[in-house]
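Notes for the structure review
Spelled out from the first residue to the last, the chains are:
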Amino acid sequence: MDFLIEGVNFLNKGAELMLYAIQEQVQEWDSENTTSLNIKVGNFQQRNQANVNHLLWLNSRKVPVAASTFNQLATITPKNIRERHSLALESEIDVVLDASGFLFSDQWGAEATEDKLKIFSRWRKQGKKIILMPQAFGPFTSERIKQAFTKIIDCVDLIFARDKVSFKYINKLNSEANNVKIAPDFTNLLQGLNPSYIDSLIGRPCIIPNSRMLDKTSSAVSSNYLSSLSSIIEYLSQKDLKPFILIHEADDYQLGKDLQSRANEKITLIKEDNPLYLKGILGKSSFVISSRFHGLVSALSQATPCIGTGWSHKYQMLFKDYNCLDLLVNFDNNINDTLGKLDLLIDESTRVKVIQNLEVASQHQKALSKQMWHEVRQVVAV
């Protein structure tokens, strides 16, 4: 069976984790299953390294002329030659798994949802199974997005909202839909790997910055974000805990450098390109302070305590799922509240209790992900 993975890219490590998690599962079902990415996603080298086929997409206004010409030539190329070069045609795709993460929302505008509706409608006519993997949805307030996503609900086979708030946003559009379900972020099942330098990071607190906290939050939060992280680093350094900065996404590198330059003493900054190594590092950290959603998922799913902050409802719901909502903070101007929560993770006795609670929650979340995959397989097999 041939699967197309939609919504992922190589510019986002969380998206790469979702790609690997999907590949791992479909290969577990049947080693003959294949996965493809649109030829517009990354480049040939990146797709080859990810062990995916290159989907040749003919009917997109966004495909350059040269690529369109290449696609047309490929359609008349014998299949055995295409297979030798891992080239796949749209007509050969059986199942579409959309792992956009967070796209269908007022926050990203109506055009993104409308574009998805067009291609989903085409794939539905072609008889493909379409499943929206666990992701955040909403809010939907503009009429354009409401209309487009209401049609998407009717167009696809399954939709998995990643949290109850997202589910409610969808339910307001169509309370009768029986193809909308709730399931957690499915990268929680993916095992991390340890980089060669892991020994130098074991047992140290990790800080993951997020540039979206500067443009997606209120002025009170955005103006205090960098200084709040700096205060945390200083506080941990004074206690000789040797905090380090971990760059989870390339967009955050400059923010990480700014944090590093603000520190009174030299602070380690890690820029790691392999998302599985990122998850391995987070599993070995004593605790994590993160604004990156998948950095939080990777840590919490391994029972690594976290102080979190974010810019949408998905952060609150994630911490609720892991029974640690009290560790979610708001970087406005009350740094003392944040430092007080840090003390809970610095103190060994309270940190152990947090870890024990996370271990129970993590097992439950992983069980829910396995149930989600069971439901996906039932739909795919029909």
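The structure reproduced in this document is the subject of the present report. (Residues numbered from 1 in each chain as written. Predicted model: local features only at pLDDT ≥ 70, side-chain atom pairs only at ≥ 80, totals over all residues. Heavy atoms only, no water.)

1. Considering the pattern of salt bridges
Tallied over the entire structure, the rule returns 15 salt bridges. For the salt bridge of Lys116 with Glu6, the shortest nitrogen-to-oxygen distance reads 3.0 Å. Of this pair, Lys116 sits in helix H5 (residues 110–125) while Glu6 sits in strand S1 (residues 2–6), placing them 110 residues apart in sequence. A network of salt bridges, in which partner residues are shared, links Glu6, Asp98 and Lys116. (Salt bridge = Lys/Arg side-chain N within 4 Å of Asp/Glu carboxyl O. Helix = DSSP H or I, 4+ residues; strand = E, 2+ residues; numbered from the N terminus.)

2. Quick notes on the sheet that holds S1
With parallel pairing, the eight strands of this open sheet are ordered in space as S4-S3-S2-S1-S5-S6-S7-S8. Looking at strand neighbours, the two that pair on one side only are strand S4 (87–89) and strand S8 (180–182), the edges of this open sheet. Across this sheet, the average inter-strand angle for adjacent strands is 30°, counted without regard to direction. With three bridges connecting them, strand S7 (residues 158–161) and S8 associate as parallel partners. By the bridge assignment for S8, Phe160 is matched with Lys181. (Pairing = 2+ DSSP bridges. Axes fitted to C-alpha atoms, helices over the stretch in contact; angles between N-to-C directions.)

3. A closer look at the pairing of strand S3 (residues 53–56)
Because side chains alternate across S3, one face comprises the buried residues Asn53 and Leu55, and the other comprises His54 and Leu56, equally buried. Looking at chain direction, strand S2 (residues 34–38) and S3 are connected through three bridges and run parallel. Among the inter-strand pairings, Leu37 is bridged to a residue of S3, identified as His54. The parallel pair S2 and S3, bridged by helix H2 (residues 44–49), forms a crossover whose chirality is right-handed. (Buried < 20%, exposed > 50% of the residue type's maximum accessible area, 1.4 Å probe, protein only. Right-handed = clockwise from strand over helix to strand, strands pointing away.)

4. Regarding the side chain of Asn188
Counting through the fold element by element, Asn188 comes out in the loop between S8 and strand S9 (206–208). For Asn188, a relative accessible area of 2% translates into the label buried. A polar contact is formed between the side chain of Asn188 and the backbone oxygen of Gln365, at a distance of 3.3 Å. With residues near it in sequence (within four places) discarded, Asn188 still touches Lys279, Ser301, Tyr322, Gln365, Lys366 and Ser369. (Polar contact = N/O pair within 3.5 Å; in protein donor to acceptor, adjacent residues only side chain to side chain. Contact = heavy atoms within 4.5 Å.)

5. Some points on a positive patch on the surface
A grouping of Lys164, Lys168, Lys172 and Lys320 is seen on the molecular surface, where their side chains present a positively charged patch. Along the chain, Lys164 turns up in helix H7 (residues 164–173). By relative accessible area, which is 53% here, Lys164 ends up exposed. (Patch = residues over 30% accessible without salt bridge, like charges linked within 9 Å, V, L, I, M, F, W, Y side chains within 5 Å. Areas by Shrake-Rupley, 256 points an atom, 1.4 Å probe, with all protein chains shown as cover. Lys, Arg positive; Asp, Glu negative; His and termini not counted. Charge placed at Lys NZ, Arg CZ, Asp CG, Glu CD.)

6. A few points about the sheet that holds strand S11 (residues 268–271)
Ordered by their spatial adjacency, five strands build an open sheet running S11-S10-S9-S12-S13, and the pairing between neighbours is parallel. For this open sheet the edge positions go to S11 and strand S13 (306–308), each flanked by a neighbour on one side alone. In this sheet, neighbouring strand axes are inclined to one another by 20° on average, regardless of whether the strands run parallel or antiparallel.

7. Let's talk about unusual backbone geometry
Note the cis peptide between Gly138 and Pro139, where omega equals 0°. With respect to the element layout, Pro139 can be found in the loop between strand S6 (129–135) and helix H6 (143–155). Residue Ser86 is not a glycine yet carries a positive backbone phi of 60°. The topology assignment puts Ser86 in the loop between helix H4 (79–84) and S4.

8. Some thoughts on helix H1 (residues 13–29)
A rise of 1.5 Å per residue sets the reference length of H1, with its 17 residues, at 24 Å; its end C-alpha atoms lie 25 Å apart and thus fit the reference within 8%. In terms of burial, H1 is largely enclosed, as 13 of its 17 residues are buried. A distance of 2.8 Å separates the backbone nitrogen of Gly14 from a side-chain oxygen at the start of H1, and that oxygen is part of Asn12. (Expected span 1.5 Å × (residues − 1).)

9. Considerations on the packing of helix H12 (residues 293–300) against helix H13 (residues 313–321)
For any two helices packed against each other, the geometry comes down to the angle between their axes and how far apart the axes lie. Between H12 and H13, the least distance of the axes is 11 Å, while the angle of their chain directions is 5°. The pairing of H12 with H13 is recorded here as roughly parallel in orientation. On H13, the residues that touch Phe293, Leu296, Val297 and Leu300 of H12 are Lys314, Tyr315, Leu318 and Phe319. A per-class count over the contact of H12 with H13 returns seven nonpolar, no polar and one charged. (Parallel < 35°, antiparallel > 145°, perpendicular 65-115°, else oblique. Nonpolar A, V, L, I, M, F, W, Y, C, P; charged D, E, K, R; others polar.)

10. Focus on the pairing of S2
With respect to burial, S2 is a largely interior element, four of its five residues being buried. The parallel pair S1 and S2 is bridged by H1, and the resulting crossover is right-handed.

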